[in-house]
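A closer look at the structure
These are the residues of each chain, in order.
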Amino acid sequence: FAARQATSSVFGAVQRRAFSASAANATKVAVLGAAGGIGQPLSLLLKLNPRVSELALYDIKGAPGVAADISHINTKSVVKGYEASAEGIKECLSGAEIVLIPAGVPRKPGMTRDDLFNTNASIVRDLAKAAAESSPDANILIISNPVNSTVPITAEVFKKAGVYNPKRLFGVTTLDVVRASRFISQLKSTDPANENITVIGGHSGATIVPLLSQSGYTLEGAERDEYVKRVQFGGDEVVQAKGGAGSATLSMAMAGARFAESLLKAAQGQKGVIEPTFVDSPLYKDQGVTYFASNVELGPNGVEKIHPVGKLTEHEQSLLEVCLKDLKGNIEKGEKFAKDNL
Ligand code: NAD
Ligand code: LMR
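Worth saying up front: this structure is predicted, and the values here are computed from it rather than measured.

1. Some thoughts on the overall build of the protein chain
A count of helices and strands for the protein chain gives 11 helices and 11 strands. Against the 2.2 N^0.38 benchmark of 20 Å for 342 residues, the protein chain shows a C-alpha radius of gyration of 19 Å, consistent with a compact globule. Out of the 342 residues belonging to the protein chain, those deemed buried represent 50%. Long-range contacts, defined as pairs at least 24 residues apart, comprise 71% of the intrachain contacts of the protein chain with a sequence gap of at least 6.

Structure below.
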């Protein structure tokens, strides 16, 4: 249901032409990595969102060109692209309410998301430093992989700068929900727009745990195992199919735009906006897992309420146990990087 609402409000806006449903508040949204495979379609979708009044695009190359192109779209928001420089990123971030970060390298076949760590950890660290300085109160949405580690890195950067607010930092795991919902609709011949499967844990392989039982579905045996594997390794399906040309970009842009839209709706007063997202979470802290994705109610202050995972089947419980073990290692790796490199 949430998926249908988010998608229809973005695409409905295109069809309405008048765009009179303008945002109640002026909202600046920044995209860092805006000229990339995700960044471009994500920026396009944000330009179509009437809740966005200003779109600020930054990349190490090409952001002004993307901005010039998108700025011709006949929606009200103002679009500006920034050159790669200390001044450019500062201006881009200043006054932003939402900062989406899809900057960094994507996978090639044969790689895990963790193989991206060496390159992307420092990219995210540097962008997080800029955000901590120029937009310390913004909602920070981390897309760059490995999300299970880049979110803790961002938190450490904000802590070091003395501006960490756990309610404003989100690892974007929406694509897992989108996939889990689409894949069950294919098995059950339902309308995917009406599916909203909760996915908990993190964003890589075994840390991705879909909770079918909470949507009233029961799959058994090979069918269940194949479904879970497809959700956990949906990213690999795209990486293989692109054959070295990167990973999911278009579906990720949709997922990122949906999450941003949910945050904007919540910030503008809508109640009951719930999305699974990877946040600083109390749920499994006693097991040393300090960040965890579960259903989170969003509000004007970012995280409003972190929902517990709820009732699980025995099989889902066993998936969760594997998830927690892997997740702990991913989080600790990010924290160690921050300790050694900040
Ligand atoms: P891409 O290579 O097409 O684009 C990345 C962009 O980041 C490029 O334009 C590049 O110039 C820019 N960039 C690199 N360093 C930068 C810096 N320091 N500052 C600003 N911009 C910088 O890659 P992509 O396909 O868009 O994927 C980007 C990231 O998103 C990857 O790490 C990928 O694994 C991840 N991803 C995450 C999810 C998710 O569900 N969270 C889904 C898909 C992809
Ligand atoms: C995805 O889930 O598609 C992304 O995390 C990209 C990837 O590397 O699989």
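2. What about unusual backbone geometry?
Residue P146 is reached from N145 by a cis peptide bond, and omega for that bond is -5 degrees. The topology assignment puts P146 in the loop between β5 (139–142) and α6 (147–160). Although it is not a glycine, S189 sits at a positive phi angle of roughly 55 degrees. By secondary structure assignment, the location of S189 is in the loop between α7 (174–188) and β7 (199–201). Classification of S189 as exposed rests on a count of 6 C-beta atoms within 10 Å.

3. Thoughts on the packing of helix α2 (residues 39–47) against helix α10 (residues 250–267)
The interhelical angle for the contact between α2 and α10, taken along N-to-C directions, is 40 degrees, at an axis separation of 8 Å. Considering their axes alone, α2 and α10 lie oblique with respect to each other. With respect to the hand of their crossing, α2 and α10 are arranged in right-handed fashion. Between α2, through P41, L42, L45 and L46, and α10, the contact on the second element is made entirely by L250, A253, M254, G256, A257 and A260. Among the residues making up the contact of α2 with α10, the classes are represented as nine nonpolar, one polar and no charged.

4. What about the site of ligand 1?
Taken together, 34 residues lie near ligand 1, and G33, G36, G37, I38 and N145 sit nearest. Here the shell around ligand 1 gets four residues from one element, more than from any other, and that element is helix α5 (residues 117–134). Residue composition of the shell around ligand 1, grouped by class: 18 nonpolar, 12 polar and four charged.

5. Here's the deal with the site of ligand 2
Near ligand 2, the surroundings consist of P106, R107, R113, N145, L175, G235, V238, V239, S247 and A248. Per-element tally for the shell around ligand 2: the top contributor is helix α9 (residues 234–242), with three residues. Each residue belonging to the shell around ligand 2 can be placed in one class, and the counts come to five nonpolar, three polar and two charged.

6. A closer look at α6
Here α6 is 14 residues long and its end C-alpha atoms lie 20 Å apart, about the 20 Å a rise of 1.5 Å per residue gives. The element α6 is largely enclosed, with a buried count of 12 among its 14 residues. Within α6, burial applies to V147, N148, S149, T150, V151, P152, I153, T154, A155, E156, V157 and F158. Close packing links the buried residues of α6 with α5, β5, β6 (169–171), β9 (273–280), β10 (291–299) and α11 (314–341). A positive phi of about 75 degrees marks G162, the residue just after α6.

7. Quick notes on the pairing of strand β4 (residues 98–101)
Remark: a regular strand shows side chains that alternate across the two faces of the sheet. Side chains I98 and L100 of β4 all project onto a buried face; the interleaved residues V99 and I101 project onto the opposite face, where all are buried too. Sheet topology places strand β1 (residues 28–32) next to β4; three bridges connect them, and they run parallel. Considered in β4, the bridge of A30 is made with V99. With four bridges connecting them, β4 and β5 associate as parallel partners. Looking across to β5, one finds that I101 is bridged to I142. After leaving β4, the chain enters α5 and then returns to the sheet as β5, a path that is right-handed.

8. Some words on the environment of A63
Looking at the secondary structure, you find A63 in helix α3 (residues 63–70). Expressed as a C-alpha distance, the spacing of A63 and A34, which sit 29 residues apart in the sequence, is 6.1 Å. Every residue in contact with A63, bar those within four places of it in the chain, is listed here: A34, A35, L57, Y58, G81 and Y82.

9. Here's the deal with the nonpolar core
If you look at the biggest cluster of nonpolar residues, it comprises 101 residues, and the most contacted ones within it are L57, V99 and L141. In terms of residue count, the dominant contributor to this core is α10 (11 residues). For L57, the residues in contact, after removing those within four places along its chain, are V31, A34, S43, A63, V66, A67, V79, G81 and Y82.

10. Describing α7
The α-helix winds at 3.6 residues per turn, so residues separated by three or four positions along the chain end up facing the same way. In a regular helix each residue adds 1.5 Å, so 15 residues correspond to 21 Å; α7 covers 21 Å between its end C-alpha atoms and thus fits that length. The complete set of buried residues in α7 reads T174, L175, D176, V177, V178, R179, A180, S181, F183 and I184. Just beyond α7, the residue with positive phi is S189, at close to 55 degrees.

11. Notes on the UniProt feature "domain: Lactate/malate dehydrogenase N-terminal" (unreviewed entry) in the protein chain
In this structure's numbering, the residues bearing the UniProt feature "domain: Lactate/malate dehydrogenase N-terminal" (unreviewed entry) are residues 27–171. Taken end to end, residues 27–171 is 39% helix and 18% strand, and its two terminal C-alpha atoms sit 21 Å from one another.

12. Let's talk about the pairing of β10
A large share of β10 lies buried, amounting to seven of its nine residues. Bridge count for β9 against β10 is eight bridges, and the pairing is antiparallel. Residue pairing for β10: T277 is matched across the bridge by S294. Here β10 folds back onto strand β11 (residues 302–306), and the loop between the two strands holds two residues.

Here is what the cut-offs are and how they apply
Residues numbered from 1 in each chain as written. Chains lettered and ligands numbered in written order. Predicted model: local features only at pLDDT ≥ 70, side-chain atom pairs only at ≥ 80, totals over all residues. Helix = DSSP H or I, 4+ residues; strand = E, 2+ residues; numbered from the N terminus. Rg over C-alpha atoms; globule rule 2.2 N^0.38 Å. Buried ≥ 20, exposed ≤ 12 C-beta atoms within 10 Å, placed from the backbone. Contact = placed C-beta atoms within 7 Å. Axes fitted to C-alpha atoms, helices over the stretch in contact; angles between N-to-C directions. Parallel < 35°, antiparallel > 145°, perpendicular 65-115°, else oblique. Left-handed = near helix turned anticlockwise from the far one by under 90°. Nonpolar A, V, L, I, M, F, W, Y, C, P; charged D, E, K, R; others polar. Near = placed C-beta within 6 Å. Expected span 1.5 Å × (residues − 1). Pairing = 2+ DSSP bridges. Right-handed = clockwise from strand over helix to strand, strands pointing away. Core = buried A, V, L, I, M, F, W, Y, C linked by C-beta atoms within 7 Å. UniProt positions renumbered as here; feature names shortened; annotations may be inferred.

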